[in-house]
Amino acid sequence: MTDDIVVLGSGYAGTGAVKQLESELNGEADVTWVSDVDHHLVLHESHRCIRDPDVQEKITFDIDEIKSPSTRFVQGRVEAVDTDDRVITLEDDSTIDYDYLLVGFGSQTAFFGIDGLEEYSLTLKTLEDALEIHDAVTEAAREASRSDPAQIIVGGAGLSGIQSAGEIAEFRDKHRAPLDIHLVEGLDNVFPNNDPVVQAKLRKLLEEKGVEIHTGEFIGEVDEETVYVGDEKELDYDVLLWTGGITGQDAAETADVEKDERSNRIESASNFQTSDERIFALGDAALIDQPGQEQPAPPTAQAAWQAAEVAGENIARSIRGQPLKEWEYDDKGTLISVGSKAVAHDVKGLPVDTFGGPAAKALKKTVAARWIKTVNGFADAAKAFPDM
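Being a predicted model, the structure only gives us computed values, none of them experimental.

Colleague: Quick question: what am I supposed to make of the environment of Asp 276 here?
Modeller: Following the sequence through the fold, Asp 276 ends up in the loop between β19 (266-268) and β20 (279-281). Take Asp 276: its relative accessible area is 16%, and that puts it in the buried class. As for Asp 276 and Thr 83, which are separated by 193 residues in sequence, their C-alpha atoms are 8.0 Å apart. Excluding its chain neighbours within four sequence positions, the residues that come into contact with Asp 276 are Thr 83 and Val 257.

Okay, here's the thing in structure tokens:
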């Protein structure tokens, strides 16, 4: 009897794993791909839509164009995972049976119990989120004036926060919009816990774009008009974007596998197997053990991209009764855009540790185009390259 493999999620983890499974399997199992959206989004370029919504056409790809005809696709949000009966329940109460399950449905935004933050902030996890931010910034600019500019606050100065602030600044400059942009980070530097050289370069680019940076104090409370930072600072806002953390999806709570209690992310070994040998987890949905390391693999696009290839192969190996491969994250460097400029840091194979300019910008475009080529071919990668 043919095994049923179910893959949850159409981000880097889910999409990459499906592509690998399709190349590994030769009629050995049936693959069902489940996602709450009918497309794959190149998420690390989604901030571009804040400036220009038309970019969405270059960074989203229909599932039907990506998958092989033999892979079944079901659109729906996962509500529950019954590990005893091996059944997935979707939001519409329909069910899908599995023999092997790969959980790659990503994460959701963490609000850390900050009063009012979830209620009043926008987030950036989906294409719809990016378009909503664009609309909100556009509306705020329309209602503002030079004497009374709209106040845009971005909470969290990690990759998403920095890149979003940069795109809002580009929108402001392109449309001559009356906007003040604030980037708030509770820790002492932008791009926290990273090399001081790259932190300094990013800060300089942000300041050159007119972004006011507030570091060293955490957001303590939010109401419908004001963000309260630390003990004394109050920032009134027209648009608030929160990018300050991730936590596991609600559906992960229903799966009877070991999870991190604090983040609700599934714990998986370096071969992606969980405490249930029939369930594999990767991407933002998982905390993936790394051989000889205290910290799990980072929740980044680069890590999910790498992991998906091995995870897909390991499910095929599990079906065949073969030993599973261990995966170790290979950090090939960090590429961060600030509007039309970019910073590259610790890029593997290059003699310079940190650099910017046209070379960094071109390198970031090349990496995104390479992923698009993997997902949907050279033509779409070439078409997208100029807009990234």
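On we go from here.
Colleague: I keep staring at the sheet that holds strand β12 (residues 179-185) and nothing clicks. Help me out?
Modeller: In sheet architecture, strand pairing relies on hydrogen bonds along the backbone and comes in two forms, parallel and antiparallel. Overall, parallel pairing links the four strands, which are arranged β13-β12-β11-β17 in an open sheet. Both outer strands of the open sheet, β13 (211-215) and β17 (239-242), are each paired with one neighbouring strand and no more. The mean angle between the axes of side-by-side strands here comes to 20°, regardless of whether they run parallel or antiparallel. Pairing geometry for strand β11 (residues 150-155) and β17, over four bridges, is parallel. Considered in β17, the bridge of Ile 152 is made with Val 239. Set on the sheet, helix α6 (residues 127-143) makes contact with β11, β12 and β17; between it and β17 the angle comes to about 155°.

Colleague: Please explain the environment of Val 154 as it appears in this structure.
Modeller: Summarising the element assignment, Val 154 is placed in strand β11. Residue Val 154 is classed as buried on the basis of its relative accessible area of 0%. Considered as a pair, Val 154 and Val 239 are 85 residues apart in the sequence and their alpha carbons are 8.4 Å apart. Filtering out sequence-adjacent residues up to four positions away, Val 154 remains in contact with Gly 161, Ala 165, Ile 168, His 182, Leu 183, Val 184, Leu 241 and Thr 243.

Colleague: How should the sheet that holds β20 be read in this particular structure?
Modeller: Spatial strand order, β5-β2-β1-β9-β20: five strands in an open sheet with parallel pairing. Two strands close off the open sheet at either side, each with one partner strand: β5 (72-75) and β20. Neighbour-to-neighbour, the strand axes of the sheet open up by a mean angle of 20°, direction not taken into account. Inspection of the sheet shows strand β1 (residues 3-8) paired to strand β9 (residues 100-103) by four bridges, in the parallel sense. Paired with Val 7 across the strands is Leu 102, a residue of β9.

Colleague: Explain the pairing of strand β7 (residues 87-90) to me, please; I cannot follow it from the model alone.
Modeller: Consecutive side chains of a regular strand alternate in pointing toward one face of the sheet and then the other. Bridge count between strand β6 (residues 78-82) and β7: four bridges; the pairing is antiparallel. Within β7, the residue paired with Ala 80 across the bridge is Thr 89. Where β6 folds back onto β7 in an antiparallel hairpin, the turn is made up of four residues, including Arg 86, whose phi is positive at roughly 55°. The pairing of β7 with strand β8 (residues 95-97) spans three bridges and is classified as antiparallel. Following the sheet pairing, Thr 89 is matched in β8 by Thr 95. The antiparallel hairpin formed by β7 and β8 contains four residues in its connecting segment, where Asp 93 sits at a positive phi of about 75°.

Colleague: Even after reading the chapter, I still don't get the environment of Gly 106, so can you show me in this structure?
Modeller: Tracing the sequence through the fold places Gly 106 in the loop between β9 and β10 (107-109). Put simply, Gly 106 and Leu 235 are 129 residues apart on the chain and 31 Å apart in space, counted from C-alpha to C-alpha. The residues contacting Gly 106, other than those within four sequence positions of it, are Gln 249, Asp 284 and Ala 285.

Colleague: I tried to follow the pattern of salt bridges on my own but got confused; where do I start?
Modeller: Any two side chains of opposite charge can pair, on the condition that their charged atoms come close. Using the criterion set out here, one finds 16 salt bridges in the structure. The closest approach of N and O atoms between Arg 320 and Glu 24, which form a salt bridge, is 3.7 Å. Within this pair, whereas Arg 320 is found in helix α9 (residues 301-320), its partner Glu 24 is found in helix α1 (residues 12-24), the two being separated by 296 residues in sequence. Note that Glu 167 is salt-bridged to Arg 48, the shortest N-O span being 2.9 Å. Of this pair, Glu 167 sits in helix α7 (residues 159-175) while Arg 48 sits in helix α2 (residues 48-51); the two residues are 119 residues apart in sequence, bridging distant segments of the chain. By the burial criterion, Glu 167 is buried, and Arg 48 matches it. A cluster of three or more residues bridged by salt bridges with shared partners is formed by Glu 45, Arg 48, Arg 51, Glu 167 and Lys 364.

Colleague: It is not clear to me how helix α8 (residues 196-208) should be interpreted in this structure. Could you clarify?
Modeller: Think of an α-helix as 3.6 residues a turn; residues three or four steps apart then line up on the same face. Over its 13 residues, α8 runs 18 Å from end to end, which matches the ideal 18 Å to within 8%, given 1.5 Å per residue. Residues of α8 that are buried in the fold lie against α7, β12, β13, β22 (334-338), β23 (341-345) and β24 (354-355).

Colleague: I'm lost on a negative patch on the surface in this one. Help?
Modeller: A cluster of acidic residues, Glu 119, Glu 143, Asp 148, Glu 224, Glu 225, Glu 234, Asp 236 and Asp 238, forms a negative patch at the surface. Relative to the helices and strands, Asp 238 resides in the loop between β16 (233-236) and β17.

Colleague: Please clarify how helix α10 (residues 357-376) should be interpreted in this entry.
Modeller: Here α10 is 20 residues long and its end C-alpha atoms lie 29 Å apart, about the 28 Å a rise of 1.5 Å per residue gives. Residues of α10 that are buried: Ala 360, Lys 364, Lys 365, Ala 368, Ala 369, Trp 371, Ile 372, Val 375 and Asn 376. Considered in projection along α10, the buried side chains sweep an arc of 170° and stay on one side of the axis.

Cut-offs and rules
Residues numbered from 1 in each chain as written. Predicted model: local features only at pLDDT ≥ 70, side-chain atom pairs only at ≥ 80, totals over all residues. Heavy atoms only, no water. Helix = DSSP H or I, 4+ residues; strand = E, 2+ residues; numbered from the N terminus. Buried < 20%, exposed > 50% of the residue type's maximum accessible area, 1.4 Å probe, protein only. Contact = heavy atoms within 4.5 Å. Pairing = 2+ DSSP bridges. Axes fitted to C-alpha atoms, helices over the stretch in contact; angles between N-to-C directions. Salt bridge = Lys/Arg side-chain N within 4 Å of Asp/Glu carboxyl O. Expected span 1.5 Å × (residues − 1). Patch = residues over 30% accessible without salt bridge, like charges linked within 9 Å, V, L, I, M, F, W, Y side chains within 5 Å. Areas by Shrake-Rupley, 256 points an atom, 1.4 Å probe, with all protein chains shown as cover. Lys, Arg positive; Asp, Glu negative; His and termini not counted. Charge placed at Lys NZ, Arg CZ, Asp CG, Glu CD. Arc of directions from axis to C-beta.

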